[in-house]
Structure formats: structure tokens, C-alpha cells
Amino acid sequence: MTTPTFTPRVFSGIQPSGGLTLGNYLGAIKRFVQMQDAGMPTVYCMVDLHAITVWQDPSDLQHNTRELAAGFIASGISPEKSILINQSQVPEHAQLGWIFSCVARMGWMQRMTQFKDKAGKNTQNVSLGLFGYPALMAADILVYHATHVPVGEDQKQHLELTRDIATKFNHDYGVDFFPITEPVIEGAATRVMSLRDGSKKMSKSDPSDASRINMTDDADTIAKKIRKAKTDPDALPSEAAGLSERPEARNLINIYAALSEQPVDDVLREVGGQQFGAFKPLLAELAVSKLSPISSEMARLMADPAEIDRILARGARQAREITVPILEKTYEIVGMVR
Ligand code: AMP
Ligand code: TRP
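Residues numbered from 1 in each chain as written. Chains lettered and ligands numbered in written order. Predicted model: local features only at pLDDT ≥ 70, side-chain atom pairs only at ≥ 80, totals over all residues. Heavy atoms only, no water.

As for the site of ligand 1
So, point 1. Neighbouring ligand 1 are 17 residues; Gly-152, Asp-154, Val-192, Met-202 and Lys-204 lie closest to it.
So, point 2. Gly-152 places a polar main-chain atom, nitrogen or oxygen, 2.8 Å from an oxygen atom of ligand 1.
So, point 3. Between ligand 1 and the protein, one listed contact pairs a nitrogen atom with a backbone N or O atom of Val-192 at 2.8 Å.
So, point 4. When ligand 1 sits alone it has 480 Å² of accessible area, and the protein chains cover 93% of it.
So, point 5. Sort the elements by how many residues they give to the shell around ligand 1 and helix α1 (residues 22-37) lands first, with four residues.
So, point 6. Of the residues in the shell around ligand 1, the class split is six nonpolar, seven polar and four charged. (Near = heavy atom within 4 Å. Polar contact = N/O pair within 3.5 Å; in protein donor to acceptor, adjacent residues only side chain to side chain. Areas by Shrake-Rupley, 256 points an atom, 1.4 Å probe, with all protein chains shown as cover. Helix = DSSP H or I, 4+ residues; strand = E, 2+ residues; numbered from the N terminus. Nonpolar A, V, L, I, M, F, W, Y, C, P; charged D, E, K, R; others polar.)

A closer look at the nonpolar core
Note on soluble globular proteins: their nonpolar side chains tend to be buried together.
So, point 1. If you look at the biggest cluster of nonpolar residues, it comprises 59 residues, and the most contacted ones within it are Leu-22, Leu-26, Ile-29, Phe-72, Leu-84, Ile-253 and Phe-279.
So, point 2. Per element, the largest residue contribution to this core is eleven residues, and it comes from helix α12 (residues 276-302).
So, point 3. For Leu-26, the contacting residues outside a window of four places in its chain are Arg-31, Ala-189, Val-192, Ile-255, Ala-258 and Leu-259.
So, point 4. In terms of nonpolar packing, the next biggest core, distinct from the first, is built from 45 residues, Cys-45, Ile-85, Val-149 and Phe-177 among them. (Core = buried A, V, L, I, M, F, W, Y, C linked by side-chain atoms within 4.5 Å. Buried < 20%, exposed > 50% of the residue type's maximum accessible area, 1.4 Å probe, protein only. Contact = heavy atoms within 4.5 Å.)

Some words on unusual backbone geometry
So, point 1. Not every positive phi belongs to a glycine, and His-145 is a case in point at roughly 50 degrees.
So, point 2. Residue classification places His-145 among the buried residues on the basis of a relative accessible area of 13%.
So, point 3. Not every positive phi belongs to a glycine, and Glu-261 is a case in point at roughly 55 degrees.

Okay, here's the thing in C-alpha cells:
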């Protein structure tokens with residue numbers, strides 16, 4: 001079988017299930033913007049169908065979807081350069097998701113650590129959608145024949161599953177139709193940790209607001225959260241090796257490196273030997289200078305939700321020019337009478 005070459009295309013998504021955090025920004029959105037600005041064709045998505053795998057209040061979901069769109073745009077995603085959509089307005093995602101539910105195996109899904117984490121002890125009472133979610137995620141990507149997917153570290157396993165689904169589909173039907181997607185997990189902050197516990201991921205669903213920096217936090221709140229961030233009593237090391245047993249220190253240094261776009265070694269050369277009492281104000285100042293222009297732009301955009309809705313409707317039309325032919329061809333391969 002010859003391997004067709006797929007034209008590079010970037011796809012990624014974020015759930016509109018709460019506000020954006022610094023983890024989303026550094027782990028995902030910053031890379032979205034870089035890939036867009038490098039001139040690659042890019043599609044970025046508010047994955048509202050994923051969000052409802054756990055209960056969402058309908059009016060909150062609407063608000064969060066628009067706010068996430070505002071966050072994307074305020075961070076530098078241009079609706080002129082990227083296709084910006086919410087998932088439910090492009091029905092081919094869900095349609096291909098069904099086909100992939102019939103390709104993915106139960107055993108593959110049962111290995112997904114995110115499901116195990118989210119379901120916890122509650123495995124019998126979570127939604128079927130939460131379990132099947134990675135098949136829909138594979139469809140989000142492959143319905144565009146996307147070749148590159150920028151994400152944080154926590155999505156690596158889902159992207160491996162996406163590759164397994166593409167491989168099995170191609171094999172079962174004897175085609176080379178879906179590309180084997182490359183994850184793009186890069187930078188100093190692919191896994192930003194909670195400010196309260198260096199062993200837990202910073203997450204919009206953590207019950208403690210002090211554990212995360214929200215993109216909509218004002219300057220005082222950001223500074224206060226950083227000042228109160230959990231640390232240890234030692235001074236900062238001058239080399240990265242000195243961070244290996246110090247998860248909280250490592251997290252703050254990684255955040256600094258990612259925000260200032262410097263390698264960790266360069267940051268440590270600058271701040272090594274300092275106590276946290278001196279370093280935290282520097283980090284707070286840097287975070288505020290990077291985040292407050294974004295949050296004020298988000299507030300400006302949110303004042304005109306109709307404009308956001310127009311952008312998403314236009315994005316959906318552009319997206320469907322890509323997804324409709326790919327879904328049609330998939331149905332034909334599978335043997336659906338058209
Ligand atoms: P979610 O908020 O779970 O929809 O995640 C959206 C994107 O942000 C995904 O690419 C995640 O990998 C990334 N992300 C979420 N939380 C973090 C974090 N704490 N550190 C790095 N990346 C993250
Ligand atoms: N699963 C991702 C998350 O929870 C969100 C997501 C859904 C996604 N579909 C995607 C990310 C496709 C990248 C590509 O963060």
C-alpha cells in the first residue's frame with residue numbers, strides 16, 4: 001500500500017466547561033497562535049459536545065462557549081487566518097464520531113486514564129458519553145484530515161488512541177484515507193500544576209480557585225494567588241537538575257520560562273539563589289503583564305456577543321467545506337448507500 005501524503009493541517013479543541021486557565025493558555029493556546037502565525041492551515045474548536053459529557057447548565061454553557069471564543073481571539077487567534085468554530089455547528093464531527101465508536105475497541109477505551117480520573121469511584125453513574133468521548137475527539141481531528149494537534153501533556157493518550165483508530169479504519173477497509181496524526185506537545189509548560197499542590201494539574205474544575213490562575217483574573221488576584229502559591233523554604237537552584245525533587249518550585253519556574261519565552265536554564269541563571277520572597281513578585285509582574293491585555297480584550301469582545309456568534313457561524317461554513325466531503329467519502333468507504 002502506498003502512503004499518501006496529507007497536506008499539513010492543524011486542529012485543536014478546548015472544552016467550554018468553565019473559564020480558561022493559565023494551563024490552557026501556556027499548554028495549548030500559545031502554541032495554537034504560533035502555528036497559525038507560521039502560516040499553517042489551522043482549525044480551532046470550542047468542543048461543546050464534549051463539555052456535556054458532564055452536566056452543564058445550558059445558560060452557563062452558552063456563556064462559556066462565547067467566552068472561550070473571546071479568549072481565543074484575545075490571545076491572538078485571528079478569524080481571518082484560522083477557522084474558529086464551536087463543535088456542534090459542524091455536525092460531521094458527531095457523525096464521524098459514531099463511525100469511530102464502531103472502530104474503537106472497549107479494551108482501548110478502558111485504558112484511558114482521563115476517564116478513570118474523571119469517573120473515579122463513580123463508574124456506574126457517569127454518562128456513556130464520558131466513556132466514549134475519545135472516539136469523538138478522534139473524529140474532531142480526522143474529519144479535517146488534520147496532521148498536527150497541539151495540546152498539553154494530559155491529552156497524549158487520547159492522541160495515541162486517535163492514531164490507533166485511524167490505523168484500524170485504514171486497515172479494516174483497505175484504504176489510506178485517514179492520516180496518522182502527530183501530537184505537538186512542546187514548551188516549558190506542557191503540564192502546568194496547581195498552585196496549591198505541585199502533584200496535581202492546574203484545572204478549571206479544581207474546587208479551589210486559589211489553585212489556578214484564570215484568564216479573567218484581575219492583576220491583584222493574580223499577584224495574590226502567586227504570593228500564596230505553595231513553595232518550599234529553600235532558595236532557587238541555579239540549574240534545572242536542582243528542581244527535580246521540588247515540584248512546586250519547578251512549576252513556578254516553568255511558568256516563568258513559558259511566559260517569558262526563555263529556556264528554563266536561562267531563567268535559572270537569572271534567578272538562581274533567590275528566595276521565593278524575591279522571585280514571586282517577579283513572576284506576578286510577568287504574569288500580569290502578559291495576561292491583563294488578554295483579559296481586557298476578552299471583556300471588550302464579550303460586550304458584543306452577536307459579533308462572536310457571527311464569527312462562529314462563518315467558521316462553521318468554512319469548516320463544512322472541508323468536513324462534508326471527508327464524511328461523504330467515509331460513508332462511501334464504509335458502504336452506506338448515498
Ligand atoms: P481542557 O481545558 O481540558 O479542555 O484542555 C484544553 C487544552 O489545554 C488541552 O490541550 C490540554 O492539554 C491543555 N491543558 C489543560 N490544562 C493544562 C495544564 N494544567 N497544563 C498544560 N496544558 C493544559
Ligand atoms: N479532549 C480535550 C481536552 O479535554 C479537548 C478536545 C476535544 C481536543 N477534541 C479535541 C483537543 C481534538 C485536541 C483535538 O482538553
